[in-house]
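Fold and geometry: a report
Here are the chains, one letter per residue:
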Amino acid sequence: MSELFGDGNGWLICGLVFIIVEMLMNLGYVSISFGVGSLLTGLLIKIDSLPTTFDTGFIDELFVAAVLSVCALILIRKFFKSRSLNDINNY
């Protein structure tokens with residue numbers, strides 16, 4: 001398992017799976033934020049840009065993915081926030 005995630009391929013696969021799950025199930029942007037965090041973590045590993053304070057172990061990569069996912073969730077929710085409180089059906 002560490003070989004799959006250690007070279008970044010596992011994170012890229014997880015990111016794509018999370019995004020596909022979001023498209024199929026519509027989970028309120030939660031799954032897509034995990035997908036974005038996983039994709040960014042995989043890309044950071046691929047280009048060797050993970051912060052030097054990390055040992056690039058699985059737990060450290062998981063921490064980076066979690067932080068990026070929370071940031072992505074906040075940005076996505078803010079971007080797609082409903083602007084109107086009125087009911088579109090006008091009951």
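Residues numbered from 1 in each chain as written. Predicted model: local features only at pLDDT ≥ 70, side-chain atom pairs only at ≥ 80, totals over all residues. Heavy atoms only, no water.

1. Some details on helix 4 (residues 58–79)
A rise of 1.5 Å per residue sets the reference length of helix 4, with its 22 residues, at 32 Å; its end C-alpha atoms lie 31 Å apart and thus fit the reference within 8%. Where helix 4 is concerned, the buried positions are Glu-61, Val-64, Ala-65, Ser-69, Ala-72 and Ile-76. Down the axis of helix 4, the buried side of the element spans an arc of 135 degrees, and every buried residue falls inside it. Relative to its buried face, helix 4 has exposed residues pointing more than 90 degrees away, namely Ile-59 and Lys-78. (Helix = DSSP H or I, 4+ residues; strand = E, 2+ residues; numbered from the N terminus. Expected span 1.5 Å × (residues − 1). Buried < 20%, exposed > 50% of the residue type's maximum accessible area, 1.4 Å probe, protein only. Arc of directions from axis to C-beta.)

2. Quick look at the nonpolar core
Among the nonpolar cores identified, the biggest contains five residues, and these are Phe-5, Trp-11, Ile-45, Leu-50 and Ala-65. With residues near it in sequence (within four places) discarded, Ala-65 still touches Trp-11, Gly-37 and Thr-41. (Core = buried A, V, L, I, M, F, W, Y, C linked by side-chain atoms within 4.5 Å. Contact = heavy atoms within 4.5 Å.)

3. Examining the side chain of Glu-22
Along the polypeptide, Glu-22 turns up in helix 2 (residues 9–25). Salt bridges are absent for the buried Glu-22, whose nearest opposite-charge side chain, Arg-77, sits at 8.1 Å. In contact with Glu-22, other than residues within four places in its own chain, are Leu-27, Gly-28, Tyr-29, Val-30, Ser-31 and Ile-32. (Lys, Arg positive; Asp, Glu negative; His and termini not counted. Salt bridge = Lys/Arg side-chain N within 4 Å of Asp/Glu carboxyl O.)

Any link to function would need more than the numbers given here.
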